[in-house]
Amino acid sequence: RLGSAALAAAPRFALAALVGANAYAVATREAPWRAWSHPHGPVAELARVLHQHAAGKFVLALTPGVDPVYPALFEAGAFQAMRYMTLWPLQVVYEKCPADGSRFRPPERMRGYERTVFRQVTEDFVRRRPAVVLLDRFADIEPCGEEFDFLLYFLQNPAFAEEFSHYAKIGEVDRFAIFTRLD
């Protein structure tokens, strides 16, 4: 059982720890619990590419995750082109392999939330015409015989395919293929 002096000091100790963690984050530009801003890590490399090709512009990040994309977007002053932060909803939709053995459902067999995500990501891509497309090659979705590929999935939509025809691959950083707009 804690004494009254320890209980009285607990809020001051918590405040001091919070101030210290914030001071560290400001001084080092990284969270004390995770080194997002390593000068040679994926965040820094993506941020350099995005700063060069998409500073102040839209980027379509086809990824199920936040790290390293969002720190890099913030550092480069770029913006996600789609209304979803990530594509994690597809991880839920494809938690189990389709019964027919296909890698993913064709558009005419998509239902509910999957159909909505498929349509809205395409709408946002076509409307915003992002300067860069980041393709995460690690979908973190059950392989079902072959890896899930976000690009192949969305290329099933003719409007997405037409818009993507204006992009060319310029390189790779970590697990991301990087495409820039040609016009």
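S.K.: Residues and numbers for the packing of aromatic side chains, please.
M.R.: One pass over the structure, following the stated rule, counts 17 aromatic pairs. Between Tyr94 and Tyr153, the ring centres sit 6.2 Å apart and the planes meet at 85°, which makes this aromatic pair edge-to-face. One end of the pair, Tyr94, is in the loop between helix 4 (88–93) and helix 5 (112–128); the other, Tyr153, is in helix 6 (residues 150–154), and 59 residues separate them in sequence. Of the residues examined, Tyr153 reaches a relative accessible area of 0% and is grouped as buried. Aromatic pair Tyr153 and Phe154: ring centres 5.0 Å apart, planes at 90°, arrangement edge-to-face. Across the pair, exposure class does not vary: Tyr153 and Phe154 are buried alike. Among the aromatic residues, those joined into a cluster by ring pairs are Tyr94, Phe104, Phe118, Phe125, Phe148, Phe150, Tyr153, Phe154, Phe160, Phe164, Tyr167 and Phe179.

S.K.: Quick rundown of the nonpolar core? Include the residues and the values.
M.R.: Judged by nonpolar contacts, the single largest core of 28 residues is most densely connected at Leu62, Leu87, Phe150, Tyr153 and Phe154. Counting residues per element, the ones that place at least two in this core are strand 1 (58–62), helix 5, strand 3 (132–136), helix 6, helix 7 (158–164) and strand 5 (176–181). Beyond its immediate chain neighbours, meaning those up to four positions away, Phe150 contacts Leu62, Thr63, Pro64, Leu87, Leu90, Leu135, Asp136, Ala139 and Ile141.

S.K.: Give a detailed account of unusual backbone geometry, specifying residues and quantitative values.
M.R.: With an omega of 10°, the peptide bond between Asp67 and Pro68 qualifies as cis. Within the secondary structure layout, Pro68 lies in the loop between strand 1 and helix 3 (69–76). A positive phi is found at Asp174, a non-glycine position, where the angle reads about 55°. Tracing the sequence through the fold places Asp174 in the loop between strand 4 (167–173) and strand 5.

S.K.: Go over the pattern of salt bridges, please, and point to the residues and values.
M.R.: When their charged atoms lie close together, side chains carrying opposite charge are able to pair. Evaluation of the coordinates by the stated rule reveals 13 salt bridges. For the salt bridge of Arg181 with Asp183, the shortest nitrogen-to-oxygen distance reads 2.9 Å. Overlapping salt bridges, with partners in common, bring together Arg83, Arg119, Glu123, Asp124 and Arg127 in one network.

S.K.: Pulling in residues and values, what's your account of the state of the cysteines?
M.R.: Taken as a whole and judged by the stated rule, the model has one disulfide. Paired by a disulfide, Cys97 and Cys144 hold their sulfur atoms 1.9 Å apart. Here Cys97 and Cys144 share a disulfide; its torsion about the S-S bond, -95°, makes the bridge left-handed. One end of the pair, Cys97, is in the loop between helix 4 and helix 5; the other, Cys144, is in the loop between strand 3 and helix 6, with 47 residues separating them in the sequence. Cys144 gets classed as buried once you look at its relative accessible area, which sits at 16%.

S.K.: Describe the confidence of the model for the chain, naming the residues involved and giving the relevant values.
M.R.: Confidence in the prediction of the chain, expressed as mean pLDDT, is 87, and 80% of residues score 70 or more. Confidence over residues 32–36 falls short of pLDDT 50; this stretch has nine contacts with residues more than four positions distant or in other chains.

S.K.: I'd like a description of the environment of Arg127, backed by residues and values.
M.R.: Position of Arg127 among the secondary structure elements: in helix 5. Here the alpha-carbon distance between Arg127 and Met82, two residues 45 residues apart in the chain, equals 9.7 Å. Reaching out from Arg127, the side chain makes a polar contact with the side chain of Asp124 at a distance of 2.6 Å.

S.K.: Can you lay out the side chain of Asn157 for me, pointing to particular residues and giving the numbers?
M.R.: Residue placement: Asn157 occurs in the loop between helix 6 and helix 7. Overall, Asn157 belongs to the buried group, its relative accessible area being 14%. Among the polar contacts listed, one links the side chain of Asn157 to the backbone nitrogen of Ala159, at a separation of 2.9 Å. Contact partners of Asn157, with chain neighbours within four places excluded, come to Phe118 and Thr122.

S.K.: Provide a residue-level description of the packing of helix 2 (residues 42–54) against helix 3, including the pertinent values.
M.R.: Orientation of helix 2 relative to helix 3, taken along the N-to-C sense of each, is 40°, at an axis distance of 8 Å. One way to sum up the angle between helix 2 and helix 3 is to call them oblique. Here the hand of the crossing between helix 2 and helix 3 comes out right-handed. Residues Val43, Leu46, Ala47, Leu50 and His51 of helix 2 form the contact with helix 3, whose participating residues are Pro71, Ala72, Leu73, Glu75 and Ala76. By residue class, the composition of the contact of helix 2 with helix 3 is eight nonpolar, one polar and one charged.

What counts, and where the lines are drawn
- Residues numbered from 1 in each chain as written.
- Predicted model: local features only at pLDDT ≥ 70, side-chain atom pairs only at ≥ 80, totals over all residues.
- Heavy atoms only, no water.
- Phe/Tyr/Trp six-rings, centres within 6.5 Å; stacked < 30°, edge-to-face > 60°.
- Helix = DSSP H or I, 4+ residues; strand = E, 2+ residues; numbered from the N terminus.
- Buried < 20%, exposed > 50% of the residue type's maximum accessible area, 1.4 Å probe, protein only.
- Core = buried A, V, L, I, M, F, W, Y, C linked by side-chain atoms within 4.5 Å.
- Contact = heavy atoms within 4.5 Å.
- Salt bridge = Lys/Arg side-chain N within 4 Å of Asp/Glu carboxyl O.
- Disulfide = S-S within 2.5 Å.
- pLDDT = per-residue confidence, 0-100.
- Polar contact = N/O pair within 3.5 Å; in protein donor to acceptor, adjacent residues only side chain to side chain.
- Axes fitted to C-alpha atoms, helices over the stretch in contact; angles between N-to-C directions.
- Parallel < 35°, antiparallel > 145°, perpendicular 65-115°, else oblique.
- Left-handed = near helix turned anticlockwise from the far one by under 90°.
- Nonpolar A, V, L, I, M, F, W, Y, C, P; charged D, E, K, R; others polar.

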